[in-house]
Each structure stands twice: as structure tokens, then as C-alpha cells.
Amino acid sequence: MEKKPFSVEWLAQSSRGGGLRFRCPPSVPADALRHREAADSSSPGHEAEAGGGAVPGRLRTKFSAAQLQELERSFREQRYIGAGEKRRLAAALNLSQSQIKTWFQNRRMKFKRQTQDAR
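Residues numbered from 1 in each chain as written. Predicted model: local features only at pLDDT ≥ 70, side-chain atom pairs only at ≥ 80, totals over all residues. Heavy atoms only, no water.

J.: How do you make sense of the packing of helix H4 (residues 65-77) against helix H6 (residues 97-118) when you look at a structure like this?
T.: Two measures define how a pair of helices packs: the angle their axes make with one another and the distance between the axes. Packing of H4 against H6 brings their axes to within 11 Å, and their N-to-C directions diverge by 65 degrees. In this structure, the crossing between H4 and H6 has a hand that is right-handed. Across the interface between the two elements, Leu68, Leu71, Glu72, Ser74 and Phe75 of H4 pack against Ile100, Trp103, Phe104, Arg107, Arg108 and Phe111 of H6. (Axes fitted to C-alpha atoms, helices over the stretch in contact; angles between N-to-C directions. Helix = DSSP H or I, 4+ residues; strand = E, 2+ residues; numbered from the N terminus. Left-handed = near helix turned anticlockwise from the far one by under 90°. Contact = heavy atoms within 4.5 Å.)

This is the structure we're talking about:
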């Protein structure tokens, strides 16, 4: 097959500076090939992040003792937090509503594990 200017083969060869390294089946979109190449050439520090399952760029929230005390007090009163209480806690503890919601989800899972282990 002759490679004419502006054909798919010509563009693939010219964008890579040589022959084709990967051959995508017709069902794979061209964007997937570019994404795979970008992942192959990522910087060396990203292997640990990718293997750990953590979202890159997102840091773990470290709650202060006062924040934890208030969150635990609220959890003892009610295991499921309502929208109003979530807003109040977020404002009082200087946290986002998403952080409050996630803390309650994690705390319920911790409570569930503790009660199952006690049986």
C-alpha cells in the first residue's frame, strides 16, 4: 500500500519520526494509542504513585485532635450525617463537606469492622 501525504499511515509515521511502533486494531481509537505512548514515557517518579492506587496530586487529610474529637462526638450521636449537620461541621471545623462525608463513610466502615471482630 502506497503512503500518500495526509493518509493515516503517513500521519502516523510523520508524527513519530519513523516507522510505526504500535499497530492498533480498528476498534481502538487513535487517542488510546497516544495515551499509551504518553504513559510509557512518564517520568520515573510516577511508578510508585500508579502502583499504590492513590490518585496523583491528592493528599491525605490529616485531621487535628480537635477536629477528630468533634467528628467522633457527632458520630456517637448519629452515624449518618444530614446535609445541615454536614454544612455546620464543615464550617465549624474548617473542612469541606466532601471531607466530612468521606470521614463519616470511613468511620462507619471502621465501626462495622470493630463490631464484626467483637463477635
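J.: Sorry, what's going on with the side chain of Lys86 here?
T.: Among the structural elements, Lys86 can be located in helix H5 (residues 83-93). Among buried Asp, Glu, Lys and Arg side chains, Lys86 stands out as unpaired, with Glu85 the closest opposite charge at 12 Å. Beyond its immediate sequence surroundings of up to four residues, Lys86 is in contact with Ile81, Gln97, Ile100 and Lys101. (Buried < 20%, exposed > 50% of the residue type's maximum accessible area, 1.4 Å probe, protein only. Lys, Arg positive; Asp, Glu negative; His and termini not counted. Salt bridge = Lys/Arg side-chain N within 4 Å of Asp/Glu carboxyl O.)

J.: Help me understand the confidence of the model for the protein, please; the structure alone is not making it clear to me.
T.: Atomic detail in the predicted coordinates should be set aside for any region of low pLDDT. Chain-level statistics for the protein give a pLDDT mean of 75 and a share of 55% at 70 or above. Contacts from residues 33-51, a stretch scored under 50 in pLDDT, to residues over four places away or in other chains number 11 contacts. (pLDDT = per-residue confidence, 0-100.)

J.: Honestly, the pattern of salt bridges in this entry has me stumped. Any pointers?
T.: A side chain of one charge can pair with a side chain of the opposite charge when the charged atoms of the two come close. Summed over the entire model, instances satisfying the criterion amount to 5 salt bridges. With a shortest N-O distance of 2.5 Å, Glu70 and Arg73 are connected by a salt bridge. With Glu70 and Arg73 both in helix H4 and 3 residues apart, this pair spans about one turn of that helix. A relative accessible area of 21% places Glu70 in the partly exposed class. Assessed through its relative accessible area of 28%, Arg73 is described here as partly exposed. Between Glu85 and Arg88 there is a salt bridge, with its nearest N and O atoms 2.9 Å apart. Placement of the pair is Glu85 and Arg88 together in helix H5, with a separation of 3 residues, close to one helical turn. Relative accessible area serves as the criterion here: at 26%, Glu85 is assigned to the partly exposed category. Under the relative-accessibility criterion, Arg88 is labelled partly exposed at 37%. The network of salt bridges with shared partners includes Glu70, Arg73, Glu77, Glu85 and Arg88.

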